[in-house]
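# Fold and contact review
Here is how the chains run, residue by residue.
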2 protein chains.
Amino acid sequence: MTFQPPRGTRDFLPAEMIRRDFVFAVMKTVFERYGFDPVETPAFESWDLLARKGGGGDAVRDEAYYFKDKSGREMGLRFDLTVPLGRVVASNPQLPKPFKRYHMGRVWRYDNPQAGRYREFWQADADVVGSQSLDAEAECLAVAVTILEELGFRKFTVRLNSRKILQGLAEVAGLKTEDVPKAMRALDKLGKAGEKDVLREMKAAGIQAFKAERLLGMVRPGAGGRSGLRAMLRATKGAGEYTKVREGLDELESVMRKCRAYGTARRMAMDFSLVRGLDYYTGPIFEISVPPGRSGKGMGSVAGGGRYDGLVEAFGGSWTPAVGISMGVERIIELMEAGGMFRLPATRAEIYVLPVEDASREPAVGICQSLRKGGVNCQTDLMGRNLKRQLEYADKAGIPYVMFVGAKELGSGRFVVKDMRKKLQTEITLPRLLKAFRDRKDLPGIKVG
Amino acid sequence: MTFQPPRGTRDFLPAEMIRRDFVFAVMKTVFERYGFDPVETPAFESWDLLARKGGGGDAVRDEAYYFKDKSGREMGLRFDLTVPLGRVVASNPQLPKPFKRYHMGRVWRYDNPQAGRYREFWQADADVVGSQSLDAEAECLAVAVTILEELGFRKFTVRLNSRKILQGLAEVAGLKTEDVPKAMRALDKLGKAGEKDVLREMKAAGIQAFKAERLLGMVRPGAGGRSGLRAMLRATKGAGEYTKVREGLDELESVMRKCRAYGTARRMAMDFSLVRGLDYYTGPIFEISVPPGRSGKGMGSVAGGGRYDGLVEAFGGSWTPAVGISMGVERIIELMEAGGMFRLPATRAEIYVLPVEDASREPAVGICQSLRKGGVNCQTDLMGRNLKRQLEYADKAGIPYVMFVGAKELGSGRFVVKDMRKKLQTEITLPRLLKAFRDRKDLPGIKVG
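These lines cover the structure that appears in this document, whether it is placed above or below. Note that the structure is predicted; figures quoted are calculated from it, not measured.

Time to look at the pattern of salt bridges. For the coordinates displayed, the defined rule picks out 78 salt bridges over all chains. A:Arg19 is the salt-bridge partner of A:Glu337, the closest N and O atoms lying 3.1 Å from each other. Highlighted residues: A:Glu337 in helix H14 (residues 329-338) and A:Arg19 in helix H1 (residues 14-33), separated in sequence by 318 residues. Salt-bridge contacts for B:Glu330 lead to B:Arg20; the nearest nitrogen and oxygen are separated by 3.0 Å. One end of the pair, B:Glu330, is in helix H14 (residues 329-338); the other, B:Arg20, is in helix H1 (residues 14-33), and 310 residues separate them in sequence. The buried category is assigned to B:Arg20, whose relative accessible area is 3%. Among the charged side chains, a network of salt bridges with common partners joins A:Asp21, A:Arg348, B:Lys28 and B:Glu32.

Along the chain, A:Asp179 turns up in the loop between helix H6 (163-172) and helix H7 (180-187). Dropping the residues within four chain positions of it, A:Asp179 is found in contact with A:Ala205, A:Gly206 and A:Ile207.

All right, on to the packing of H7(A) against helix H9 (residues 195-204) of chain A then. Residues and elements named next belong to chain A. The contact between H7 and H9 brings their axes to 9 Å, and the two run at 155°. In this view, H7 runs roughly antiparallel relative to H9, as classed from their interaxial angle. Between H7 and H9 lies a crossing whose hand is right-handed. Across from Ala183, Arg185, Ala186 and Leu187 in H7, the residues of H9 making contact are Val198, Glu201 and Met202.

Now for the interface of chain A and chain B. Contacts between chain A and chain B engage 97 residues on the former and 97 residues on the latter. For the chain A and chain B pair, buried surface summed over both sides reaches about 7900 Å², with 58% attributable to carbon and sulfur atoms. Summed over the three residues of chain A that lose the most area to chain B, namely A:Phe3, A:Arg33 and A:Leu382, the buried surface amounts to 10% of that side. In this assembly, chain A and chain B are joined by ten salt bridges. Note that B:Arg372 and A:Glu139 form a salt bridge whose closest N and O atoms lie 3.9 Å from each other. Taken together, the connections running from chain A to chain B amount to 46 residue pairs in polar contact (both at pLDDT 80 or more). A per-class count over the side of chain A that touches chain B returns 44 nonpolar, 20 polar and 33 charged.

Definitions and cut-offs
Here the residue numbering is sequential within each chain, running from 1 through the sequence in written order. Written order decides the labels, with chains lettered from A and ligands numbered from 1. Only residues with pLDDT of 70 or above have their local features reported here, since the model is predicted, and side-chain atom pairs are shown and tallied only from 80 upward, although totals for entire chains, interfaces and linings are computed over all residues. Only hydrogens and water are set aside when side-chain values are computed; all heavy atoms of the structure are taken into account. Salt bridges, as used here, are contacts in which a Lys or Arg side-chain nitrogen is within 4 Å of a carboxyl oxygen on Asp or Glu. Only DSSP runs of H or I reaching four residues or more are called helices, and only runs of E reaching two or more are called strands; each is numbered from the N terminus. Relative accessibility under 20% of the residue-type maximum defines a buried residue, over 50% an exposed one, and the middle range a partly exposed one, all with a 1.4 Å probe and only protein chains included. Only heavy atoms enter the contact rule, under which two residues are in contact if any of them lie within 4.5 Å. What counts as an axis is a line fitted to C-alpha atoms, over the stretch in contact for a helix, and the angles between N-to-C directions run from 0 to 180 degrees. These descriptions rest on fixed angle ranges, namely under 35 degrees for roughly parallel, over 145 for roughly antiparallel, 65 to 115 for roughly perpendicular, and the rest for oblique. Each crossing is labelled by how the near helix is turned from the far one, with a counterclockwise turn of less than a right angle marking it left-handed and a clockwise turn marking it right-handed. Buried surface area refers to the total accessible area, computed with a probe of radius 1.4 Å, that the two partners give up upon joining, counted for both partners together. N or O atoms closer than or at 3.5 Å make up a polar contact, with two conditions inside protein: a donor-capable atom paired with an acceptor-capable one, and, for residues adjacent in sequence, both atoms drawn from side chains. Amino acids outside the nonpolar list (Ala, Val, Leu, Ile, Met, Phe, Trp, Tyr, Cys, Pro) and the charged list (Asp, Glu, Lys, Arg) are all regarded as polar, and Gly is one of them.

Shown next, in the form of structure tokens:
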């Protein structure tokens, strides 16, 4: 059992790693297109920092890996990429604002491993730090939508809500201030647990039944949504207790208008029951879900985020507005696997250069070096194998092409290249082969790359 | 002080991260050219595995970060990428051989932080698992040499030795078998500590002075090197105690011959005093050093590796020959910084699209979206700033071009684009700008990309 990775963690062998690399490369490209720059931070942080208020809520903190270093300092493995961002911004006031950074990296939570949940997993976050404008929300939404589109997702929706609306409706429903977080935690389970359980949890938390029902009646999907809420606001015009609701809705409508310029508005829908777990959100919040696909697996949220204007200050920096979105890397990859969305080889090697006899081993290495200089990924024999066993290896390893190198070929300068999948072959010179790979054009009888 | 990263760890802000990304991208490209495929493993492993014999020697194990998870299981952060490789190979016997994998990732050692040494640092390893042939050594050497060349290093040398030669010479010098590892540990310090200290350490370890001196006399650089050793072997022809030395030297000469086909032979030099710290090497070992550069900083080794045929078996797998090379990522980056070898911008954003008045904010977003679709990294205002403050931001952020979007420009379809470094500007249509970025060709008056 020692040879398995620790519970809840995984080894990624080449075929899987090539798919993960592809996903990260697409994310990196899109983040950078939107003007976000890369950042990296340590895997562990001082426990004091991780446990600080605003840092992700009790639930997450309880799941953090804790240890003492050899000087007795208390440390913890990071459980998200937002806490490190808060620290970095608090300690680097010189950074020009907006500070637009992306961060792709692993985080750790001592959760119960189950389908799609791991103790070590990867996140990919983009955050705009320093902007109070709702333009920042529209941009975070656009970067996430573009990533999903570039990865090949067609159907997905972005649900929007605002903490101001939630807070405001809770007040309108008559909840005491100290009861609002409890109501939020209960509401957060609406999608999974259903209304009965949510009401029961609110009652158990000491919230009167009629208030809980009133709140639920206003936020439940199907309660009229945006137009229903607008109608309510018109009917209660001037009523002071609706101010926060009105402000939140105005903001969301403004975000949706801004999304038009980004070409992402058609994806957006308001959902006043959306809560999102973390305590630190202060304004608009959002979550992207992919509907159950061909595989029948409904994986729920693939990305989520929102505005959290107080976090940097909680870490001792100055008050700093911020908005971010976090991509659920593991769920995205699982959905892509389940939906057959990857079209990638099992190895990065493109061609196997096969010496047909011992005398052509050295020339085969020379040919490999020419191919490598020309940007082609190749392998040759490192095992002293004969022709047949080399072919078996190339086949088993999934290398798409094999080039045969023997005395005759070296004399004529023309080499047989075999397409291992289609069982086609052609004869070609090294310069023409290099050119075909460079242009990624088909050879006679052979499709390259 | 909470706002600093933990002692011995670092935050990487964008300008530095862009340089690190560049180094990793070059390494990844070269690894894949040579037919190595990517692998990733968990950050932590069971303590039992890390502490297993052969796993990097006591010294490294003592530096490992240790913790207990919430079920009381003993864990440790990985201190190298070779132990995880041993576990992966032992637990995946189905992998086709040779298994050529590369692994770029962070490792942790509770070392005393000092210049160029960190408690959290990155390694980049390539290993050939399953081959007994010295072709594997030649290929590992070629991949490391190519990486250094592609990164822009010109002068560097690869020192080669063999554990068989070291072991054999120690026996010829009359050392007892149990004293050989102690002698190796002492010899390992020759470069830093000098001969006196090495002799003193050997004596302190119970090795008789004349034996220690005899061993040192045979391995010291300048003791005749390869030709000196060959002469000694000729003179002692048939003497059985030289068998191991002869075998080791034959192997090294074969490796050097093989390096000719790779075009790397001119970099190679034998150095019989080279030990390399880790206990698990069994055959050829190698180390690449860069001479002190313009900065005067001699950083010593930038890469090292060797053959370790016993490691996978030590982890419970079957006997599996293996050779690997590990790139010292942090040292390489420091040398490149010190030598001014990076020619990279401080941001990945290529152009700032500047709305000159509020009415052009929405069209500016539309232009950004067109640029992004065309593969150009761009930013626009997310702060509601006026023209002057936007220009200041673009300048401070180091964005090389600014494109002005106003009513006039939107009407004519011709936009002023300013080169922020050269203070040049031109007027251009959006399609022509896109084409210039796509071709990375210069615009009239402007150099692109």
